[in-house]
Each structure stands twice: as structure tokens, then as C-alpha cells.
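Here is how the chains run, residue by residue.
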Amino acid sequence: MAMTASSRAPQASGSSDSERSPFVRLNELLAPHQPGKPLISLAVGEPQHPVPDFVGPVLAKHIAEFGRYPANKGTDPFRHAAGAWLSSRFKLPRPLDPESEILVLNGSREGLFLAAMAAARYVGPRPGKPAILMPNPFYPVYGAGALAAACEPVHLPTTVENGFLPDLDAIDEATLARTVAFYLASPANPQGSVARPDYFKRLKQLADRYGFVILSDECYSEIYTREAPGSALECAGPGFTRVVAFQSLSKRSNLPGLRVGFAAGDKKFIGMFLELRNIAAPQVPVPLQHVATVAYGDEAHVEENRRLYRIKFDLADQIIGNRYGYRRPDAGFCVWLNTSEVGDDVSVTLKLFKEAGVRVVPGSFLARQQPDGFNPGAGYIRLALVQDGETTAQALHRLVETLG
């Protein structure tokens, strides 16, 4: 299955169906049908656990600060809290400077999108068509960022054979030479795979050799049931050169609607990123940054969050067992099931909706077809275990009963 990245690299396809939101496509797929049982949605990775108790009081205390424009770099307390959390959570070469190496974001999605344009400015001209590399399947904002930065999205298939991480040795030198940035998701969405230190070190060696930026999407890093995932920053060296990590409170703190995250790493990149955001991105409201400051100083609610996910993965272990290639993911809250023996992923998605009332996402919607016709998401479905334990168990029982 291994081929060079360039041989698998698709050309930008503009308004083709594959460039559209997978959730819009899912809505269109299911719209003509009715769920066979009361609907349970495992499609969207929107955490449903309770919002932390401190959110309301902190917002109330700072409500008047909605009446001022915030600084785009973020408040001092927020940036210091984010830096302190990073130092306590990861084994960093040194503490990050909150003044120059941490930048507040409107959630990680906004940051990951604009980071592609900042990377193009940071790296400068490339030989040939500039490229941005990304795993396949992947978070759709990576592709949108690449296209907005006038770069070719190069999709690196992540399969069971390569541990659901891009095969770094399969990327040819011509592709690496024109690479502007490399998006890496660890923990990965949708498979839950985690990059180990040797993987981060190998990727950093390539970034140093070819001069591209590593954009490390780590928003699922706090959702794990066994070993805590590491960060690309741990292997970035004391200067954090060409490495930027992205974090968010959406998953960690059950605050997807807060829209607060941050980017941290390479000082030069963060400075250029701030310049871009100063003219292209909305500021993060100050009261929300106060909530985020408290959130990064509290681990009790995060551990409770993990406990609730552990319960649901225990249920998945029991109910799904060894069916559909199931394995408990290293991290994240998604389950990646190979249902190809039952039918293609689109027909399986329809069957589960029409007969079981369970809404999932076809894996092919989350991936892109490679030039050779291979879609690494085809034959899989993604389940997001975001509902409460009882609802999750009901959905999993329905799935097994329906698919056999």
C-alpha cells in the first residue's frame, strides 16, 4: 500500500464533492430517510459531558469586559496559564515564553486554518508548486488551509498497516523539498493513534532538513484511557524551531462553544502568525479568556472527563468485542470500525440510520481519494462516543444487532 507521497498527491479540486464538509454530505445522504428507532447521534465530535462548574461564575464576574476590544495576542493571565499548563503537562526542553511563544486562538480550528498562510510566509518560496502535507483521513480544515495558502494539499494515507500515522519514509525528496507545512494530528482523528517520541523526532529532522513547519494538532491530547500522549514540542529542541502545537478547550474541558485555544512554539512563526491574525481574525473575548485561564489551572474536571470516557470505552470493549476490526484507541473519543465485510461505508451508514436510528459518519467522507483511486477511509465508519454511558451502550447494542 506504500507509495510515494507525490504519486498519491491529488490536485486541488475546487468545488468537487470531496472538498465539502463531511457533515453536510452526511445530512444530504440521510435527509430523504427517517431513523428506524429514536435517534442517537454518534456522528459529531461534540462533547456532551457537563460544562465545568466554574464557567458560569467566572463569566458573571467578568461580564462587563464584553464591552471592550481584546488584544489579539491574548491576555497576560491566559498566556501565562497556557504556558504553565504546558510545562506541567509535557516534558518540554524549556518553559515557553508567554510573551512571544504563545498565542490565543478562537479554538484550534481557526488557528489551524490561518496557520497554513502563516507557514507559507514563514517558509518563503519553494522549488515547484508549494505543498502542504496532511494525513488522510484528516480534519477538513487542513485542506481548506492549504488551498487558502495557494498550496497543493498532499494527502498521506494513514492505514492499519502504518499504524494510522503518515508513513514518513514513503515521502519522496521532491515532495519534501517543496513542502511548506506538515499537518499532524496526534492523537489522530478519527483513528485515535498517537505519535511516539521517535516519530516526532523523525518528523522534526525532516522539517529541519527541508525547512518546513510542523503544525501539530493536539486538541485530543487530554482524552485518553491509559497512557498520556506526548507533544511535538517535547522533541522540538530548546528553540522550538519549525514546530507549533495547537490546543483547545473543546475536548479537554467540554467547552466546544467557548471557542478558546492556543498555538505555542516557534517564536518567529508565532510573531508572523500574530501579524496575520491582527488583520484577518477576530479577537477572543476577554471574559472567555478568563474562563480559559481558570480551566487551564484546574485538572479535577479533566480527570472526571477522562473517567466518563473510560466507562464508555469499557462498554465498547464489551459490546463490540473483536468485531469490525475494533481496537480501543490510544486516545481521543472516536471509534474507527472496519465494516467492509458488511457493506461499503455509505450503505452501512444508511442501514444503521434507517434500521437502528444510529447516526455515524462514513469513513470515505472524512478522507480524500488518492490519484490511484484508493480512499483510506472507505470501508470504515466513525463513531464519536460523546453521549452519556447509557445512551452509548444502547447505540452500540443497536449497531451490533443491526450489522451482525
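Residues numbered from 1 in each chain as written. Predicted model: local features only at pLDDT ≥ 70, side-chain atom pairs only at ≥ 80, totals over all residues. Heavy atoms only, no water.

This part takes up unusual backbone geometry. For the bond running from Ser186 to Pro187, omega is 0 degrees, close enough to zero to count as cis. Structurally, Pro187 is set in the loop between β5 (179–185) and α8 (197–210). Omega for the peptide link from Asn189 to Pro190 comes to 25 degrees, which places this bond in the cis form. Of note, Phe164 is a non-glycine position whose phi angle comes to about 60 degrees, a positive value. Structurally, the position occupied by Phe164 is in the loop between β4 (152–157) and α7 (173–177). Residue Phe164 is classed as buried on the basis of its relative accessible area of 9%. In this structure, Arg242 is a non-glycine residue whose phi angle is positive, near 65 degrees. Structurally, the position occupied by Arg242 is in the loop between β6 (213–217) and β7 (243–248). (Helix = DSSP H or I, 4+ residues; strand = E, 2+ residues; numbered from the N terminus. Buried < 20%, exposed > 50% of the residue type's maximum accessible area, 1.4 Å probe, protein only.)

A separate point is the nonpolar core. Among the nonpolar cores identified, the biggest contains 51 residues, and Leu86, Phe182, Phe212, Leu233, Val260 and Phe262 are the most heavily contacted of them. Take this core: its biggest share by element is six residues, from α8. Residues in contact with Leu86, not counting those within four places in the same chain, are Leu92, Leu96, Leu233, Phe262 and Ala264. (Core = buried A, V, L, I, M, F, W, Y, C linked by side-chain atoms within 4.5 Å. Contact = heavy atoms within 4.5 Å.)

The subject of this paragraph is the pairing of β4. For β4, a buried count of six out of six residues is recorded, marking the element as mostly surrounded by other parts of the structure. Residues Glu152, Val154 and Leu156 point to one face of β4 and Pro153, His155 and Pro157 to the other, with burial holding for every one of them. Here strand β3 (residues 131–136) pairs with β4 via six bridges, running parallel. Bridge pairing links Ile132 to Pro153 in β4. In this fold, the crossover linking β3 to β4 by way of helix α6 (residues 140–148) has right-handed handedness. (Pairing = 2+ DSSP bridges. Right-handed = clockwise from strand over helix to strand, strands pointing away.)

Between helix α13 (residues 345–356) and helix α14 (residues 389–403), the shortest axis-to-axis distance is 10 Å and the interhelical angle comes to 110 degrees. Of the possible angle classes, the one that applies to α13 and α14 is roughly perpendicular. At the point where α13 passes α14, the crossing takes the right-handed sense. Mapping the contact onto sequence places Val348, Lys351, Leu352, Glu355 and Ala356 in α13 and Arg398, Leu399, Thr402 and Leu403 in α14. Split into classes, the residues belonging to the contact of α13 with α14 amount to five nonpolar, one polar and three charged. (Axes fitted to C-alpha atoms, helices over the stretch in contact; angles between N-to-C directions. Parallel < 35°, antiparallel > 145°, perpendicular 65-115°, else oblique. Left-handed = near helix turned anticlockwise from the far one by under 90°. Nonpolar A, V, L, I, M, F, W, Y, C, P; charged D, E, K, R; others polar.)

Bringing the sheet that holds strand β11 (residues 361–362) into the picture now. The three strands lie next to each other as β9-β12-β11, forming an open sheet whose pairing is antiparallel. Two strands in the sheet have a free side with no partner beyond their single neighbour: β9 (334–338) and β11. As paired strands, β11 and strand β12 (residues 380–384) are joined by two bridges and run antiparallel to one another. Directly across from Pro362, in β12, lies its bridge partner Ile381. Its contacts with the sheet put α13 on β11 and β12, and the angle it makes with β12 is roughly 45 degrees.

Under the counting rule described, the total for this entry stands at 22 salt bridges. In this structure, the salt-bridge partner of Arg209 is Glu173, at a minimum N-O distance of 3.5 Å. On the criterion of sequence distance, the pair formed by Arg209 in helix α8 and Glu173 in helix α7 is long-range, its members being 36 residues apart. The closest approach of N and O atoms between Glu303 and Arg310, which form a salt bridge, is 2.7 Å. A relative accessible area of 32% places Glu303 in the partly exposed class. (Salt bridge = Lys/Arg side-chain N within 4 Å of Asp/Glu carboxyl O.)

Per the stated rule, a full pass over the model turns up zero disulfides. Between Cys219, a free cysteine, and Cys334, which holds the nearest cysteine sulfur, the sulfur-to-sulfur gap is 9.8 Å. Given a relative accessible area of 8%, Cys219 falls into the buried group. For the unlinked cysteine Cys235, the closest cysteine sulfur is that of Cys219, found at 19 Å. (Disulfide = S-S within 2.5 Å.)

Here helix α5 (residues 107–123) is 17 residues long and its end C-alpha atoms lie 24 Å apart, about the 24 Å a rise of 1.5 Å per residue gives. Roughly 30 degrees is the biggest bend found in α5, and it falls at Ala115. With 12 of its 17 residues buried, α5 lies for the most part within the structure. Buried within α5 are the following residues: Gly107, Ser108, Glu110, Gly111, Leu112, Leu114, Ala115, Ala116, Ala118, Ala119, Tyr122 and Val123. In the segment just after α5, Gly124 is the residue with positive phi, at about 85 degrees. (Expected span 1.5 Å × (residues − 1). Bend = angle between axes of the 7 residues up to and from the residue.)

Remember that side chains alternate between the two faces of the sheet whenever the strand is regular. By the alternation rule, side chains of strand β2 (residues 102–105) split into Ile102 and Val104 and Leu103 and Leu105, which are all buried. Two elements, β2 and strand β8 (residues 261–265), share four bridges in a ladder whose sense is antiparallel. By the bridge assignment for β8, Val104 is matched with Phe262.

Next up on the list: the packing of aromatic side chains. As enumerated under the stated definition, the model contains 17 aromatic pairs in all. A ring pair is formed by Trp85 and Phe262, whose centres lie 6.4 Å apart and whose planes are at 80 degrees; its orientation type is edge-to-face. In this pair, Trp85 sits in helix α4 (residues 76–89) while Phe262 sits in strand β8, placing the two residues 177 residues apart along the sequence. Here Trp85 falls in the buried class, since its relative accessible area comes to 2%. Both rings, one in Trp85 and one in Tyr296, keep their centres 5.2 Å apart while their planes meet at 45 degrees; by these two values the pair is tilted. One end of the pair, Trp85, is in helix α4; the other, Tyr296, is in helix α11 (residues 286–296), and 211 residues separate them in sequence. Among the residues examined, Tyr296 registers a relative accessible area of 4% and is labelled buried. Cluster of aromatic residues (ring-pair linked, three or more members): Phe78, Trp85, Phe90, Phe262 and Tyr296. Lying across the ring of Phe365, Arg25 places its NZ or CZ 4.1 Å from the centre. Of note, Lys268 hangs over the ring of Tyr122, and the distance from its end group to the ring centre comes to 5.2 Å. (Phe/Tyr/Trp six-rings, centres within 6.5 Å; stacked < 30°, edge-to-face > 60°. Lys NZ or Arg CZ within 6 Å of the ring centre and 35° of its normal.)

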